[in-house]
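Descriptive analysis of the structure
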There are 2 protein chains.
Amino acid sequence: MPPDVKDKATLHILQKSGLSKTPQRLAVLNILMNTVVPVNIKSIRQALESKISINRVTIYRILSLFKQHMIIREITSPGGNNYFELATMKNPVHPHFLCRKCAALSCLEPLTFSQANHWLTPDKDYSIENIEINISGLCASCRNATKLQKRSVKQ
Amino acid sequence: MPPDVKDKATLHILQKSGLSKTPQRLAVLNILMNTVVPVNIKSIRQALESKISINRVTIYRILSLFKQHMIIREITSPGGNNYFELATMKNPVHPHFLCRKCAALSCLEPLTFSQANHWLTPDKDYSIENIEINISGLCASCRNATKLQKRSVKQ
DNA sequence: TTAATTATTGCAACCAAGTTGCATTATTGG
DNA sequence: CCAATAATGCAACTTGGTTGCAATAATTAA
Ligand SMILES: [Mn+2]
Ligand SMILES: [Mn+2]
Ligand SMILES: [Zn+2]
Ligand SMILES: [Zn+2]
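First things first, this report covers the structure right here in the doc.

The rules behind the values
- Residues numbered from 1 in each chain as written.
- Chains lettered and ligands numbered in written order.
- Predicted model: local features only at pLDDT ≥ 70, side-chain atom pairs only at ≥ 80, totals over all residues.
- Heavy atoms only, no water.
- Donors = N, O, S within 2.8 Å, 3.2 Å for Na, K, Ca; no water.
- Helix = DSSP H or I, 4+ residues; strand = E, 2+ residues; numbered from the N terminus.
- Buried < 20%, exposed > 50% of the residue type's maximum accessible area, 1.4 Å probe, protein only.
- Least-squares fit on C-alpha atoms with pLDDT ≥ 70 in both.
- Contact = heavy atoms within 4.5 Å.
- Near = heavy atom within 4 Å.
- Polar contact = N/O pair within 3.5 Å; in protein donor to acceptor, adjacent residues only side chain to side chain.
- Axes fitted to C-alpha atoms, helices over the stretch in contact; angles between N-to-C directions.
- Parallel < 35°, antiparallel > 145°, perpendicular 65-115°, else oblique.
- Left-handed = near helix turned anticlockwise from the far one by under 90°.
- Nonpolar A, V, L, I, M, F, W, Y, C, P; charged D, E, K, R; others polar.

Residue and element names in this part refer to chain A. Around the manganese ion (ligand 1), the protein contributes the donor atoms Glu85 (OE), His94 (NE2), His96 (NE2) and Cys107 (SG), at 2.0 to 2.3 Å from the metal centre. Each donor residue of the manganese ion (ligand 1) belongs to the same chain, and together they define the spacing E-x8-H-x1-H-x10-C. Of the two residues, histidine 94 sits in the loop between strand 3 (83-86) and strand 4 (96-99) while cysteine 107 sits in strand 5 (residues 105-107), which places them 13 residues apart along the sequence. The class for cysteine 107 is partly exposed, based on a relative accessible area of 35%.

Have a look at this one:
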């Protein structure tokens, strides 16, 4: 294992979950830790290319493992290109915004308890484990782009 | 076209959208109209089998077309097995509950305006087109089943 | 009602995403 | 360092969905 990959924080996360420390796992975890927005598998593979040689199957297995150990969260996307983000205490479950044009995913403010409470009790019979709120539309830049385009067409 | 398939209501829906009335479209629409819970493609295909001979490609094309014309809505599912439901005025956008065990999807009460309003303005820069709320966990019957199982184990 | 025009369907081939079994290789704990 | 255990890489496979095009059906207007 190349020592430069051994980031102290990433190592600690694996240790806490009792997972063995392989360069592949550290590399994947590194990407998740150093990105601000959630990333989909395609971006993860791209980001890994320059850092380490890793089989695509391994990426699936690592992500699946991280999810089981609740190291990461998976954000469902309409087209099936799901996104992943770190699931730390400082980063609680929150809604997301997905731009239908550029497919950029951004994180929104988390729900307060009173806000969530309404959905926490849809029925006494359900046991609720997860609430996913996904908002879609046009992001700021894509919205601006279409505005400018319309103006130039009018001229 | 066999006349027994020509349900008056389904015909009218296609007419309103200016779509030509093929037996395949009527059959698909019929299923969506006669089901209480949203259905995924697999169930749609199964339901169609006994009614009409239809190519799987045609089903995809019809569903895609219905979505464009806002006759139906697609409900995103974590695993990618999305569900479809009729999008009428009497059936506004609403949250859904997906059981992680039996994969049954059920409809929850729609948001009131004041409830939705909080999410309608995450940022002035976004233009919001859709809000999807998906709650997951265990449904009533699956929850009961596990309870009973635990009890019998304890004995 | 008929015939031309236009739209839809079926078919086959293709593509992308994800999964599985198993041999090879790496990590761990002593 | 060595044995035991676990993770990875590889190839093959499965599943879900898409595309181009020829055959067929629906529409429209004569
Ligand atoms: Mn997020
Ligand atoms: Mn519903
Ligand atoms: Zn955008
Ligand atoms: Zn259930």
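We now examine the relation of the copies chain B and chain A. Superposing chain B onto chain A takes a rotation of 180 degrees plus a shift of 0.0 Å along the axis, which leaves an RMSD of 0.0 Å. Both chain copies can therefore be described as sitting about a two-fold axis. Among all C-alpha atoms of chain B, that of isoleucine 133 of chain B lies closest to the rotation axis, at 2.3 Å. When the interface residues of chain B are mapped onto chain A, 100% of them are again interface residues, pointing to one common binding face.

The next subject is the protein's contact with DNA strand C. Neighbouring DNA strand C are 21 residues, the closest being Arg56 and Tyr60 of chain A together with Thr22, Thr58 and Arg61 of chain B. Near the protein, within 4 Å, the atoms of DNA strand C are sugar or phosphate in 63% of cases. A distance of 2.9 Å is found between a phosphate oxygen of DNA strand C and a backbone nitrogen or oxygen belonging to lysine 21 of chain A. Within the side chain of arginine 56 of chain A, a nitrogen or oxygen atom sits 2.7 Å from a base oxygen of DNA strand C.

Before going further, it helps to spend a moment on the protein's contact with DNA strand D. Taken together, 20 residues surround DNA strand D, and among them Thr22, Thr58 and Arg61 of chain A together with Arg56 and Tyr60 of chain B come closest. Each atom of DNA strand D within 4 Å of the protein belongs either to a base or to sugar and phosphate, the latter forming 60%. Residue asparagine 55 of chain A places a main-chain N or O atom 3.0 Å away from a phosphate oxygen belonging to DNA strand D. Here lysine 21 of chain B contributes a backbone N or O atom positioned 3.0 Å from a phosphate oxygen of DNA strand D. Secondary structure elements with two or more residues in the surface near DNA strand D: helix 2 (23-33) and helix 4 (56-68) of chain A together with helix 4 (56-68) of chain B.

Residues and elements named next belong to chain A. Close contact between helix 2 and helix 4 brings their axes to 10 Å; oriented N to C, the two are set at 70 degrees. Taken together, the axes of helix 2 and helix 4 lie roughly perpendicular to each other. Our pair here, helix 2 against helix 4, has a crossing hand that is right-handed. Every residue of helix 4 that contacts helix 2 at Gln24, Arg25, Val28 and Leu29 is listed here: Thr58, Ile62, Leu63, Leu65 and Phe66. Broken down by class, the residue content of the contact of helix 2 with helix 4 amounts to 6 nonpolar, 2 polar and 1 charged.

Purely geometric stuff here, so don't read any function into it on its own.
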